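Spelled out, the chains give:
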Amino acid sequence: MQKSFMEEKPTLFVVSTPIGNLGDMTYRAVEILKKVDIILAEDTRTSGTLLNHYQIKKQMISYHEFNKNDKESVVISLLEEQKNIALISDAGTPGINDPGYEIIKKVIELGYHVVSIPGASAILAAIVSSGLIIQPFTFLGFLPRKQVEMKRVLETYLKRKETLVIYESPLRISKTLATLFKVLGDRKVVLARELTKKFETIIRTTLENAIEMEHNPKGEYVIIIEGDYHIQTVFDESIVDHVKKLVDMGLNEKDAMKKVSIERHISKSEVYQAYKIDNKIT
Ligand code: SAM
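A brief look at the structure comes next. These numbers were taken from a predicted model, which means no experiment stands behind them.

1. Structural notes on the pairing of strand β10 (residues 221–225)
Within β10, five of the five residues are buried, which leaves it mostly tucked inside the rest of the structure. Looking at chain direction, strand β7 (residues 163–168) and β10 are connected through five bridges and run antiparallel. Paired with V165 across the bridge in β10 is I224. Here five bridges tie strand β8 (residues 188–193) to β10, and the two strands are oriented antiparallel to one another. Along β10, the bridge assignment pairs V189 with I225.

2. Some details on the site of the ligand
Not every one of the 19 residues close to the ligand is listed here, only the nearest: D98, S121, Y167, L195 and Y221. A distance of 2.7 Å separates an oxygen atom of the ligand from a polar atom in the side chain of Y167. Side-chain polar atom of E220 to a nitrogen atom of the ligand: 3.4 Å apart, as the coordinates give it. Bound to the protein, the ligand loses 91% of the 580 Å² it would expose on its own. Looking at the shell around the ligand, the elements that each hand over two or more residues are β7 and β10. Its residues assigned to classes, the shell around the ligand shows ten nonpolar, four polar and five charged.

Cut-offs and rules
- Residues numbered from 1 in each chain as written.
- Predicted model: local features only at pLDDT ≥ 70, side-chain atom pairs only at ≥ 80, totals over all residues.
- Heavy atoms only, no water.
- Buried < 20%, exposed > 50% of the residue type's maximum accessible area, 1.4 Å probe, protein only.
- Helix = DSSP H or I, 4+ residues; strand = E, 2+ residues; numbered from the N terminus.
- Pairing = 2+ DSSP bridges.
- Near = heavy atom within 4 Å.
- Polar contact = N/O pair within 3.5 Å; in protein donor to acceptor, adjacent residues only side chain to side chain.
- Areas by Shrake-Rupley, 256 points an atom, 1.4 Å probe, with all protein chains shown as cover.
- Nonpolar A, V, L, I, M, F, W, Y, C, P; charged D, E, K, R; others polar.

What follows is the structure, given as structure tokens:
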């Protein structure tokens, strides 16, 4: 019979937990948390609620951003004592914008097993329900808070075709959307809020429209942005001729300008400026 990892050598299990809906815990996650000797938890109080719900009675050690260096030797000693360990975070998959990377790397270096117990993560939940192109996508996590640095990061993705997935706090969502629009221009955007929870909301719109909306300052957001996959589109005609052609086809000027901005993936004000200058509108 095939031996399980636990019988072979000590293992660090990286266990995903729900991102809001307790029902998203997997059978295997419960089974592993019941079997291991100890659980490393980002916040033992938060995880206590989850463990109670699934009647998992297990010793927890706190392992978070601010004590992870100090806790490394504790984890190594446990593995040396042949203990099996599970790592969980407050929500979702450990290591994904959560503590985990450093200890996972160390445990691999020391030759112990690292086994993933997959489950919820906001990245995948958001991108598959966005309706935007899924492959390829790039996950950027949280963008830098400082405007200048945020812009610098975004500029490197300006001409790239892949869909971008960004985590953001509700308090900064409006500012971040404004910067996204400034740097990337008008594109489709999807705001996935409170995924898997009672007030889950998915807004599918464009960056230009998104910056005009009021956004709920509570809850958790994933922003998904369309890549620049229209980069190959070459328009033979100028912006102004494009508008005029649509007007000749029967659209009024306002609708024609809006359609041009969508078709060319540029902002409405850029179209308006070009049209205004050409028609000497003041
Ligand atoms: N490890 C987690 C994962 O696997 O998704 C991510 C942890 S990170 C500290 C928290 C961020 O993830 C939030 O600010 C938000 O951007 C996103 N997030 C987590 N849960 C979410 C949810 N239920 N709905 C929308 N976004 C969520």
